[in-house]
Amino acid sequence: FRALAPSVFVALTALSLTLVHGLFQDLYLSAGTVYDRLCFLFTVLAVIVYVRARAGRVAWLCFICLMAMNSKESGAAVPAILFCYECVYRLPAVWRENRVRQWLRSIAPLYCTLAGILALFVIGRVRGIAGLLGNPAYHPHLSFSFWLTNMTEYLSILVYRHVHFTGFTTAITLIAMLAVAALLRNRAMLFGWLFFIVAITPVALISARQGYVLYVPVLGLGLYLAALIGLATEHPAVLAVVTAAMIWIHASQWPEPWLVGDSPQWRLTEKMRRDYPTLRPGARILFADDYPSGNGYDLMFSLRLLYHDPLIEVSRLRGPAEQQPDRSHPLEFDHVFTTALDTYVELDRRNVDESIKLNLLQDYTPGRYFDADRADRVGYPVSGLLAS
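None of the values given here were measured: they were computed from a predicted structure.

What counts and how
- Residues numbered from 1 in each chain as written.
- Predicted model: local features only at pLDDT ≥ 70, side-chain atom pairs only at ≥ 80, totals over all residues.
- Heavy atoms only, no water.
- Phe/Tyr/Trp six-rings, centres within 6.5 Å; stacked < 30°, edge-to-face > 60°.
- Helix = DSSP H or I, 4+ residues; strand = E, 2+ residues; numbered from the N terminus.
- Buried < 20%, exposed > 50% of the residue type's maximum accessible area, 1.4 Å probe, protein only.
- Core = buried A, V, L, I, M, F, W, Y, C linked by side-chain atoms within 4.5 Å.
- Contact = heavy atoms within 4.5 Å.
- 1 Å grid on protein atoms, 1.4 Å probe; cavity = no way out; pocket = protein on both sides within 12 Å on 5 of 7 lines; lining within 4 Å.
- Points joined across faces, edges and corners; volume = space filled by probe spheres on them.
- Nonpolar A, V, L, I, M, F, W, Y, C, P; charged D, E, K, R; others polar.
- Axes fitted to C-alpha atoms, helices over the stretch in contact; angles between N-to-C directions.
- Parallel < 35°, antiparallel > 145°, perpendicular 65-115°, else oblique.
- Left-handed = near helix turned anticlockwise from the far one by under 90°.
- Expected span 1.5 Å × (residues − 1).
- Pairing = 2+ DSSP bridges.

Caption draft 1: Structural detail: the packing of aromatic side chains. Under the defined criterion, the tally for this structure stands at 15 aromatic pairs. Seen from their ring centres, Tyr50 and Tyr85 are 6.0 Å apart, and the 90 degrees between their planes marks the pair as edge-to-face. Taken together, the residues span a long stretch of sequence, with Tyr50 in helix H3 (residues 34–52) and Tyr85 in helix H5 (residues 78–96) at a distance of 35 residues. You'll find Tyr50 and Tyr85 in the same group, each marked buried.

Right, here's the structure in full:
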């Protein structure tokens, strides 16, 4: 923002407007969106390098653009974003000085190279991956009505669906924003508008996604609105008000994490943080039973990450052969867990086989009377069977 904005005030205001969003949860909770974050990194890096020193940076810019494309298919829009900057910030002066031919010669090597990289990318990456071609969710729809429908959905996401956008109001909003930027002759606003439109188009031409795909395009809207505010005033109090307002809006609209309750990683982390704030370094842990996940190594990965200990070892009785304990020797572990009450409970470690068979809880002996209201009711075995 500082590279693009006319002042520090505008840059900080743009940051306040775009720093977080409650409907970008996939970015904050899912490792699967790492490619979107990388695309963001290389897109922003390309713009910064281009703004600061385009001349002599052809190879460096081509490499960054290639990394953006390699991170996410929507990274193919980066060359167009750079060209928009060139036309908004540099072309007017070139036109006034009648140096258009010289300008074209200066940018031709970069954009010809980028065009070749983009063509190879489309042929080799997009058209060369069966998963993309065979998945209808990735098929582009080169239709203005389709684009406008998705734009309507994405604008609704940005305002937490408190404003009812239609195709007509979306079109009017975008046209009005462009008209205001043109009338004010504000380059930051105009480039912000173009940045948003160009960056969002690759995802607006395919089936609608969750809000996280707006991570890159929303930068353009932030720059546009911040520059508009900056035209009215650049008083520090205004920045404070904008920041406070954004904090209040996002805090009041922030949804519950979609992982709560349904995620085996969340269930494990909640249990361990509450009952086991520390573990012995290199602890050996056995799960007699565990909640299913898409990756059997999630337990070990999650515990190593939680305790910052890469030496923690995890075995699973219900896991594949390589994750099961060595049964040729007595089972000896620092902790033995099983599933119960929608969480994990620890079994007695003195005789692990017997504890697993009879469901003997650690530091707990069943009494004569069974109380179904007690949280430790899972510790009552009957001939090796759990009461139900």
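There is more to say, and it comes next.
Caption draft 2: Here's a closer look at the nonpolar core. One finds Leu4, Leu82, Trp147, Met151, Phe191, Phe195 and Phe196 to be the most contacted residues of the largest nonpolar core, which totals 76 residues. Sorting elements by how many residues they give to this core places helix H10 (residues 187–204) first, with 12 residues. Beyond its immediate stretch of four places on either side in the chain, Leu4 contacts Val47, Val51, Tyr85, Tyr89, Ala188, Phe191 and Leu223. By size, the runner-up hydrophobic cluster in this structure holds 16 residues, among which are Tyr276, Leu279, Ile285 and Tyr344.

Caption draft 3: Broad picture of empty space enclosed by the protein. Under the defined criterion, the tally for this structure stands at 2 cavities of 30 Å³ or more. When its volume is computed, the largest cavity comes out at roughly 50 Å³. The wall of the largest cavity is formed by Pro264, Gln265, Leu268, Tyr291, Ser293, Asp298, Leu299, Ser302 and Tyr344. Partitioning the lining of the largest cavity into residue classes produces 5 nonpolar, 3 polar and 1 charged.

Caption draft 4: Region of interest: the packing of helix H9 (residues 167–184) against H10. Relative orientation of the contacting elements H9 and H10 amounts to 150 degrees, with a least axis distance of 8 Å. In terms of orientation, H9 and H10 fall into the roughly antiparallel class. H9 and H10 meet at a crossing whose hand is left-handed. Packed against H9, whose contacting residues are Leu174, Met177, Leu178, Val180, Ala181 and Leu184, the element H10 presents Met189, Leu190, Trp193, Phe196 and Ile197 at the interface. Its residues placed into classes, the contact of H9 with H10 shows 11 nonpolar, no polar and no charged.

Caption draft 5: Local environment of helix H8 (residues 144–158). In a regular helix each residue adds 1.5 Å, so 15 residues correspond to 21 Å; H8 covers 21 Å between its end C-alpha atoms and thus fits that length. Every buried residue of H8 is accounted for by Trp147, Leu148, Asn150, Met151, Thr152, Tyr154, Leu155, Ser156, Ile157 and Leu158. Looking at the buried side of H8, the elements it contacts are H9, H10 and helix H11 (218–232). Phi turns positive one or two residues past the end of H8, at Tyr160, with a value near 55 degrees.

Caption draft 6: Quick look at the sheet that holds strand E2 (residues 313–316). Reading across from one edge, E2-E1-E3-E4 is the order of the 4 strands in this open sheet, with mixed pairing throughout. The sheet terminates laterally at E2 and strand E4 (343–346), the two strands that pair on one side only. For this sheet the average axis-to-axis angle between neighbouring strands, irrespective of direction, equals 30 degrees. Direction of pairing for strand E3 (residues 335–340) relative to E4: antiparallel, over a ladder of 4 bridges. Within E4, the residue paired with Thr339 across the bridge is Tyr344. Lying on the sheet, helix H14 (residues 298–307) is in contact with strand E1 (284–287), E2 and E4; it crosses E2 at an angle near 155 degrees.

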